[in-house]
Amino acid sequence: MERPQKIKNQIFLVLFALVAVVILLDFVLPGHEHIEQIDSVRKTRQQTYNAARNFHYSYGLKTENFYFPVSEKFATTIEEKQSVRFRVSRIFNKVNTYESLESRESGMYSLRLVSGLILPILVLIILTVNYKGRKFGVFTLIIKILLLFDLVYLLY
């Protein structure tokens, strides 16, 4: 009776590994390049409950066809009506990198770096170790849940 359960667990490990590979490929492969004019630079106050005054600011760029988050440094060096070049991933349609054509300032949103590169690599390492017989039950469950949340974030 234990054999079918082991096969089912291995199938789920392979499925999660495939999802991680797809997310990683989406980040690594060169995406579609767009050059658009900036319609607006948005500064949004985000309420949080922590020791840092209970708020922080997030920045985003609005172009004709896209809205995407950018770093504070990048947002302060550009202005409306300037041109920006950015690459959009092929599978999940997320902005991977961006660059101002006027100031040559470039960047990558840190959450995109974590969700597209760091988390999938971490998932693949942990699932490989788990597949070879080492059991990290709770840790493997947590990394699977994080991967599912990452997939929902990318699909949204």
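Residues numbered from 1 in each chain as written. Predicted model: local features only at pLDDT ≥ 70, side-chain atom pairs only at ≥ 80, totals over all residues. Heavy atoms only, no water.

Novice: Would you explain the pairing of strand E4 (residues 83-88) in this entry?
Specialist: Two faces make up the sheet, and in a regular strand the side chains alternate between them. Residues of E4 alternate between two faces, with Val 84, Phe 86 and Val 88 buried on one and Ser 83, Arg 85 and Arg 87 left unburied on the opposite face. In terms of strand pairing, strand E1 (residues 32-47) meets E4 through six bridges, oriented antiparallel. Each residue of the ladder has a partner; that of His 34, found in E4, is Phe 86. Two elements, E4 and strand E5 (residues 95-100), share five bridges in a ladder whose sense is antiparallel. Of the residues in E5, the one forming a bridge with Val 84 is Ser 100. Counting the residues between successive antiparallel strands, the hairpin from E4 to E5 contains six residues, one of them, Asn 93, with a positive phi of roughly 60°. (Buried < 20%, exposed > 50% of the residue type's maximum accessible area, 1.4 Å probe, protein only. Helix = DSSP H or I, 4+ residues; strand = E, 2+ residues; numbered from the N terminus. Pairing = 2+ DSSP bridges.)

Novice: Explanation requested: the nonpolar core in the structure shown.
Specialist: One recurring pattern in soluble globular proteins: nonpolar side chains tend to sit buried together. One finds Leu 61, Phe 68, Val 70, Phe 74, Val 84, Phe 86 and Tyr 98 to be the most contacted residues of the largest nonpolar core, which totals 14 residues. At three residues, the largest contribution of residues to this core is made by E4. Once you skip the residues sitting within four places of it in the chain, Val 84 turns out to touch His 34, Ile 35, Glu 36, Ile 38, Leu 61, Thr 63, Phe 74, Tyr 98, Glu 99 and Ser 100. Counting residues in hydrophobic clusters, the runner-up holds 12 residues, among them Ala 20, Phe 92, Leu 127 and Ile 143. (Core = buried A, V, L, I, M, F, W, Y, C linked by side-chain atoms within 4.5 Å. Contact = heavy atoms within 4.5 Å.)

Novice: So what exactly am I meant to see when it comes to the sheet that holds strand E2 (residues 55-63) here?
Specialist: Strands pair in a sheet through their backbones, by hydrogen bonds, and they do so in one of two ways: parallel or antiparallel. As summarised here, the arrangement of the six strands in space is E3-E2-E1-E4-E5-E6, forming an open sheet in which the pairing is antiparallel. The strands lining the two open edges of the sheet, one partner per strand, are strand E3 (67-70) and strand E6 (106-107).

Novice: What should I look at first to understand the pairing of E1 in this one?
Specialist: Pairing geometry for E1 and E2, over nine bridges, is antiparallel. Along E2, the bridge assignment pairs Gln 47 with Phe 55.

Novice: Before we go on, may I ask you to explain the side chain of Asp 150 in this structure?
Specialist: For Asp 150, the location among the structural elements is in helix H4 (residues 137-155). Lacking a salt bridge, the buried Asp 150 has Arg 112 as its closest oppositely charged neighbour, with an N-O distance of 6.1 Å. In this view, Asp 150 contacts Ile 23, Ser 115 and Leu 119; residues no more than four positions away in its chain are not counted. (Lys, Arg positive; Asp, Glu negative; His and termini not counted. Salt bridge = Lys/Arg side-chain N within 4 Å of Asp/Glu carboxyl O.)

Novice: What should I look at first to understand H4 in this one?
Specialist: Since the α-helix turns once every 3.6 residues, residues separated by three or four places project in the same direction. Taking 1.5 Å of rise per residue, 19 residues should cover 27 Å, and H4 covers 27 Å from first to last C-alpha, within 8% of that figure. Every buried residue of H4 is accounted for by Thr 140, Ile 143, Lys 144, Leu 147, Asp 150 and Leu 154. Projected down its long axis, H4 carries its buried residues within an arc of 120°, all on one side. Exposed residues lying more than 90 degrees from the buried face of H4 are Gly 137, Val 138, Phe 149 and Val 152. (Expected span 1.5 Å × (residues − 1). Arc of directions from axis to C-beta.)

Novice: Just to check I follow, could you spell out the environment of Leu 29 for this structure?
Specialist: Topologically, Leu 29 is positioned in the loop between helix H1 (2-28) and E1. On the basis of relative accessible area, Leu 29 is assigned to the partly exposed category, the value being 41%. Spatially, the C-alpha atom of Leu 29 lies 7.9 Å from that of Arg 90, the residues being 61 residues apart in sequence.

Novice: How should I be thinking about helix H3 (residues 110-131) in this particular structure?
Specialist: Across its 22 residues, H3 extends 30 Å between first and last C-alpha, which sits within 8% of the 32 Å expected from 1.5 Å per residue. Maximum bend of H3: about 30°, positioned at Ile 118, with proline Pro 120 one to four residues after it. Among the residues of H3, Arg 112, Ser 115, Gly 116, Leu 119, Pro 120, Val 123, Ile 126, Leu 127 and Asn 130 are the ones counted as buried. Of the residues one or two after H3, Gly 133 is the one with positive phi, at around 120°. (Bend = angle between axes of the 7 residues up to and from the residue.)

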